[in-house]
Amino acid sequence: MTKKEIETAEQIKKAVSVIKALRPAYKDLLAFYEKLFLAQETSKKHIYLQPIKIPEDLLSVKRKEKFPLITRADFTVDIKASEVLLKKICRLAGEANEVLAHAGVKLMDCLDRGTVDAPTLLSKTLSEDNVYFDETAKSLEIDKKVLLFMAHGSIRPSLSLCAEQLATYTDKDILWGKGYCPVCGSPPAISILRGEGERFLFCSFCDHEWHSQRIYCPFCENKDQKTLHYFFSKEEEEYRVDVCDQCRKYIKTIDARNIKRPVYPFIEQVTTLHLDMLAQNQGLQSGHPL
Ligand SMILES: [Zn+2]
Ligand SMILES: [Zn+2]
């Protein structure tokens, strides 16, 4: 597993407080996300998962063919801990903006009355059962994306721990060379530049981080310099948006070489939503579901 800049709750708090001062427009959103990230960190302490074992022969095929180690459905999740976290997320959402508050209150009410079964909701998140999510969101009268966000947020500590364990199977001496996560095959949410300009990608599903080629579109594998470019704002040189003309997708990049403060990629992702808007106004599409 590659090094994460910030792992502890204290460090998350520090990263949030620095960025709140830098970008006051995100104050309210950050207040919610800080509590969410801290709740997810706390949840990790109560999770125990049996390690996933990958037999040597299967592993060598996966390495040769560049297949991810597992599929999303193969993750092990601590359902009890995830259920506790789901209810906590409902309460936190209840104190947040109107859309989240509405969803949080509704979902909590249905969980309490038993009209939504938490273990089913959580396992359907892994199996990506779209029909279940369409129907449940409709019956709750809440946005399906918000429901998915809360459900994924609840299993995220398990996914992240599972990915940490599985990362021991990845070959760190060989560049993965693919745009999808070597652990679970999902697209990256954000990229980061460090050191001498090495580029790392962060999985949108399991938080795994992997080393990537610098000039490369992770969504269509384009490596042609002429059709890959980026834009940035002069006021925020630590961020840029990498754009691929071939597939018209974009990914946000944090240039950690220009940042003195602590960097927690998932906080940076939230506080750069204005860049998503800029990219989408140019007709570009995010490479992962927002
Ligand atoms: Zn992943
Ligand atoms: Zn592309």
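Refer to the structure above for everything that follows.
Since the model is a prediction, treat every value here as computed from it, not as a measurement.

A. The arrangement of unusual backbone geometry in detail. Residue Lys 66 is not a glycine yet carries a positive backbone phi of 60°. For Lys 66, a relative accessible area of 21% gives the class partly exposed. For Arg 248, which is not glycine, the phi dihedral falls at a positive 60°. If you trace the backbone, Arg 248 turns up in the loop between strand E5 (239–244) and strand E6 (249–255).

B. Molecular detail of the side chain of Ser 154. The topology assignment puts Ser 154 in helix H8 (residues 144–166). On the basis of relative accessible area, Ser 154 is assigned to the buried category, the value being 1%. Look past the residues within four positions of Ser 154 in its chain and what remains in contact with it is Ser 82, Leu 85, Leu 86, Ile 89 and Leu 122.

C. Looking closely at the coordination of the zinc ion (ligand 1). Each protein donor to the zinc ion (ligand 1) is listed here as Cys 181 (SG), Cys 184 (SG), Cys 203 (SG) and Cys 206 (SG); together their distances run 2.3 to 2.4 Å. Coordination geometry of the zinc ion (ligand 1): the 4 donor atoms subtend angles of 102 to 118° at the metal centre, consistent with an arrangement described as tetrahedral. We note that the donor set of the zinc ion (ligand 1) lies within a single chain, spaced as C-x2-C-x18-C-x2-C. Residue Cys 181 is located in the loop between H8 and strand E1 (188–194), and its partner Cys 203 is located in strand E2 (residues 198–203); the two are separated by 22 residues in the primary sequence. Just as Cys 181 is buried, Cys 203 falls in that class too.

D. View of the coordination of the zinc ion (ligand 2). Within the protein, Cys 217 (SG), Cys 220 (SG), Cys 244 (SG) and Cys 247 (SG) serve as the donor atoms for the zinc ion (ligand 2), at 2.3 to 2.4 Å. Between the 4 donor atoms coordinating the zinc ion (ligand 2), the angles at the centre fall across 102 to 114°, so the site counts as tetrahedral. Each donor residue of the zinc ion (ligand 2) lies on the same chain, and together they follow the pattern C-x2-C-x23-C-x2-C. For Cys 217, a relative accessible area of 3% gives the class buried.

The rules behind these values
- Residues numbered from 1 in each chain as written.
- Chains lettered and ligands numbered in written order.
- Predicted model: local features only at pLDDT ≥ 70, side-chain atom pairs only at ≥ 80, totals over all residues.
- Heavy atoms only, no water.
- Buried < 20%, exposed > 50% of the residue type's maximum accessible area, 1.4 Å probe, protein only.
- Helix = DSSP H or I, 4+ residues; strand = E, 2+ residues; numbered from the N terminus.
- Contact = heavy atoms within 4.5 Å.
- Donors = N, O, S within 2.8 Å, 3.2 Å for Na, K, Ca; no water.
- Tetrahedral: all angles 85-135°; square planar, octahedral: opposite > 155°, others 65-115°.

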